[in-house]
Amino acid sequence: MIKRGQIGRCFDLNTREGIIRVDSSRVFYAFSPDLEPVIKVPPRSILEIETNDCYSNQLVDTGLFVTQIDWSRINPATGPVYVEGAEPGDTLVVKILKIETADEGLLITVPGTGALPDLVREARAGRCYVVGDKVVFRGKVVEARKMIGVIGVATRERTSTGVPGRHGGNLDTRHVTEGSTLYLPVEVEGALFGLGDLHVAMGDGEVCVTGCEVGGKVLLVLDLIKNAAPKWPVLETEDSIYVLVSHEDLSKAVTEAVEIGVKAISRATGLDWHEAYMLASMAMDVEISQVVDPRKTVRIRLPKYLFPHVTDIMKFT
Ligand code: CA
Ligand code: ZN
């Protein structure tokens, strides 16, 4: 049993002692308040959550052609996990400690999808193989960049796991990876957290509509910040704070993200809005996470040195 305040001293990564395991036998395809939790855990729990690939392993197990798979079973999220004490208006803190993946994955093309939907003539699948920190595809080698595609909390209204939003979901943001911390606004009691859709490699944009899609396991800590929540998911890495904004219209996502960033800089630095706008123009980056999901995801990168306390961002977004 893990006691409060003892994270980092009370579990052993080698023996997995003190770690709560959630296997991939129970998954869901839409975030909603009526999901049945697979487990209830106190804040500060350490979990190892197993995931299926985004095709629900249909292509791996049966060798089906891309056109034959059951599209209602795309993007399974394992869970949900109920976090005791989580209430609407709180923040669920997800610290990602480790991602382990299968050593083989699949990319696909499907006519009408991706960043170039009209140019895709064939439904095809291509295997990718993980070799150490590299991924091999058709004899070519690319860098492995493990990440989590779908990660979120339940929404008040049913939201497909294929859609990103304020709750997280299909964020397809490559910085959602080992060492990062994601801050998600809790919308329903217990938060009802789930994740899936691991990628061994995915570039910004996720242009062909998939990354190297794999099953795997994620080791993470779930914690709570009471009575404070960002409007959009906030991601913290070693040197940056990202705010992840999703919208059907990419340019609207950019506008909203920039507005949030300028406001945050103004509040954190004490500069007036026009000065903060100029500072943002030097120090803030507007980046694209993905352009292929029902809502596109934009992220602004704020250098951490501008924000003495990362939780300040909760008030600004
Ligand atoms: Ca995805
Ligand atoms: Zn994926």
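## Notes on the coordination of the calcium ion (ligand 1)
Part 1 of the argument: The protein atoms that coordinate the calcium ion (ligand 1) are Asn170 (OD1), Asp172 (OD), Asp172 (OD) and Asp197 (OD), at distances spanning 2.2 to 2.5 Å.
Part 2 of the argument: For the calcium ion (ligand 1), all donor residues lie on one chain, and their spacing in sequence is N-x1-D-x24-D.
Part 3 of the argument: The zinc ion (ligand 2) is placed at 3.4 Å from the calcium ion (ligand 1), the two being bridged by Asp197. Taken together, the residues Asn170 in strand β15 (residues 168-170) and Asp197 in strand β17 (residues 193-199) connect sequence positions 27 residues apart. The pair formed by Asn170 and Asp197 is uniform in burial state, with each residue classed as buried.

## Focus: the domain arrangement of the chain
Put simply, an interface is often sized by how much accessible area is lost when its parts join up.
Part 1 of the argument: By the assigned domains, the chain splits into domain 1 (8-225) and domain 2 (234-314).
Part 2 of the argument: Once you take the C-alpha centre of each, domain 1 and domain 2 turn out to be 23 Å apart.
Part 3 of the argument: Contacts between the two partners involve 28 residues from domain 1 and, on the opposite side, 22 residues from domain 2.
Part 4 of the argument: Together domain 1 and domain 2 conceal approximately 1,900 Å² of surface at their shared face, both sides included; 57% is due to carbon and sulfur atoms.
Part 5 of the argument: The largest share of the area that domain 1 buries against domain 2 comes from Pro164, His175 and Tyr183, three residues that together contribute 30% of it.
Part 6 of the argument: The interface formed by domain 1 and domain 2 holds one salt bridge in total.
Part 7 of the argument: Going through the elements one at a time, β14 (164-165) and β16 (181-185) are the ones with two or more residues in the side of domain 1 that touches domain 2.
Part 8 of the argument: Ranked by residue count, the leading element in the side of domain 1 that touches domain 2 is β16, at three residues.
Part 9 of the argument: In terms of residue class, the side of domain 1 that touches domain 2 is built from eleven nonpolar, twelve polar and five charged.

## Observations concerning the coordination of the zinc ion (ligand 2)
Part 1 of the argument: Bound to the zinc ion (ligand 2) are the protein donor atoms Asp197 (OD), His199 (NE2), Glu213 (OE) and Glu213 (OE), situated 1.8 to 2.4 Å from the metal.
Part 2 of the argument: Viewed at the metal, the four donor atoms of the zinc ion (ligand 2) are separated by angles of 57 to 142°, and the geometry they form is irregular.

## A look at the sheet that holds strand β19 (residues 216-225)
Part 1 of the argument: Overall, mixed pairing links the nine strands, which are arranged β1-β5-β19-β7-β16-β20-β21-β23-β22 in an open sheet. Bordering the open sheet on either side are β1 (20-22) and β22 (285-290), each of which pairs with just one other strand. In this sheet, neighbouring strand axes are inclined to one another by 25° on average, regardless of whether the strands run parallel or antiparallel.
Part 2 of the argument: Those strands touched by helix α2 (residues 250-269) are β21 (240-247), β22 and β23 (296-303), and its axis lies near 20° from that of β23.

About the thresholds
Residues numbered from 1 in each chain as written. Chains lettered and ligands numbered in written order. Predicted model: local features only at pLDDT ≥ 70, side-chain atom pairs only at ≥ 80, totals over all residues. Heavy atoms only, no water. Donors = N, O, S within 2.8 Å, 3.2 Å for Na, K, Ca; no water. Helix = DSSP H or I, 4+ residues; strand = E, 2+ residues; numbered from the N terminus. Buried < 20%, exposed > 50% of the residue type's maximum accessible area, 1.4 Å probe, protein only. Domains from an automatic or database assignment. Contact = heavy atoms within 4.5 Å. Buried area = accessible area lost by both parts, 1.4 Å probe. Salt bridge = Lys/Arg side-chain N within 4 Å of Asp/Glu carboxyl O. Nonpolar A, V, L, I, M, F, W, Y, C, P; charged D, E, K, R; others polar. Tetrahedral: all angles 85-135°; square planar, octahedral: opposite > 155°, others 65-115°. Pairing = 2+ DSSP bridges. Axes fitted to C-alpha atoms, helices over the stretch in contact; angles between N-to-C directions.

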